[in-house]
Amino acid sequence: MQRYFASLLSKEHIKLESEDEHHLLHVMRMKKDDEIEVVANDKLFLCRIENVNPLNIYIVHEINSDVELNEDVTLLFALTKGDRTDLVVQKATELGVKKIALIQSERTVVRYEEKDIAKKCARYQKIMKEASEQSHRLVVPTLLGIYNLKKLPKEVYSDLNYVAYEKDANDVEGSFKGLTKGKSVTILVGPEGGFSKEEIDMLVNQGFIRTSLGKRILRAETAAIYALSVIGYLLER
Ligand code: SAH
């Protein structure tokens, strides 16, 4: 069934965003009495179309849904070239992250001009919303912002903070041995050029745990997707 993120208009009615209204009416060509699923206030509802002009949608009942990770997972990802950041934002959403921050570090080649940041962030928001709908999530992750590695704000930190470092021993399981249910987790993945030794030392000083993702060197986007897969597995097994 078609699903949208929307807001509650009242206890009985919901309001779609205008883009979704257009999608429902002109792409899906829905009619009176057609049903949709709507996520509003982090809850899932079965809804029915009461009227199409003007569009009026009412709540039939709430649907129980348990698809979210119990623990908050945050991805910190160094900006990469081309559309790889788009890919990572989409896959991270499918894998259940609650927060994403993009990072500029010593070896990050991509730099956003101040004027482009708002546009880029809007694009990532859209990707996260669509991926959340597609993977039937109840929340759209929050994009915290774009930060310099040397000036990480406190919102990026969790109970456990991991930095993926390819120069470490190759034992993935050992790397994540401290990861237990009930603790929020942050994972930081570096740029194509990796982190410098100074950056790693600084991160460890700030409480980050150095983590291996196995004996093969992964591209940054693969590293992020793999790390989130391992974390999701460990939290849900
Ligand atoms: N340029 C580096 C590789 C960087 S890979 C080199 O050639 O050695 C990009 C990022 O992915 C790294 O900063 C790291 O965070 C992560 N990564 C890739 N493979 C990894 C691995 N096997 N273990 C831990 N982190 C890895």
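Let me begin by describing the structure that accompanies this report. (Residues numbered from 1 in each chain as written. Predicted model: local features only at pLDDT ≥ 70, side-chain atom pairs only at ≥ 80, totals over all residues. Heavy atoms only, no water.)

In this section: the overall build of the protein. Each helix and strand in the protein was counted, giving six helices and eleven strands. Taken over the C-alpha atoms alone, the protein extends approximately 60 × 40 × 30 Å along its principal axes. A sequence separation of at least 24 residues applies to 71% of the contacts in the protein between residues at least 6 apart. On the protein, roughly 12,500 Å² of surface is accessible, and the fraction owed to carbon and sulfur atoms is 48%. With 35 positive and 37 negative side-chain charges, the protein shows a separation of 4 Å between the mean positions of the two kinds. (Helix = DSSP H or I, 4+ residues; strand = E, 2+ residues; numbered from the N terminus. Contact = heavy atoms within 4.5 Å. Areas by Shrake-Rupley, 256 points an atom, 1.4 Å probe, with all protein chains shown as cover. Lys, Arg positive; Asp, Glu negative; His and termini not counted. Charge placed at Lys NZ, Arg CZ, Asp CG, Glu CD.)

Looking now at the sheet that holds strand β10 (residues 185–189). Strand order in the open sheet formed by six strands is β8-β7-β6-β10-β9-β11, with parallel pairing between adjacent strands. Because the sheet does not close on itself, it has two edges, and the strands there are β8 (142–148) and β11 (209–211). For this sheet, the mean inter-axis angle between neighbouring strands, taken without regard to orientation, is 20°. Two strands pair when backbone bridges link them, and strand β7 (residues 99–104) and β8 are joined in this way by six bridges, in the parallel orientation. Bridging from a neighbouring strand, Ile100 pairs with Leu143 of β8. Each of β7 and β8 touches helix α3 (residues 114–134); the most contacted strand, β8, lies at about 145° to it. (Pairing = 2+ DSSP bridges. Axes fitted to C-alpha atoms, helices over the stretch in contact; angles between N-to-C directions.)

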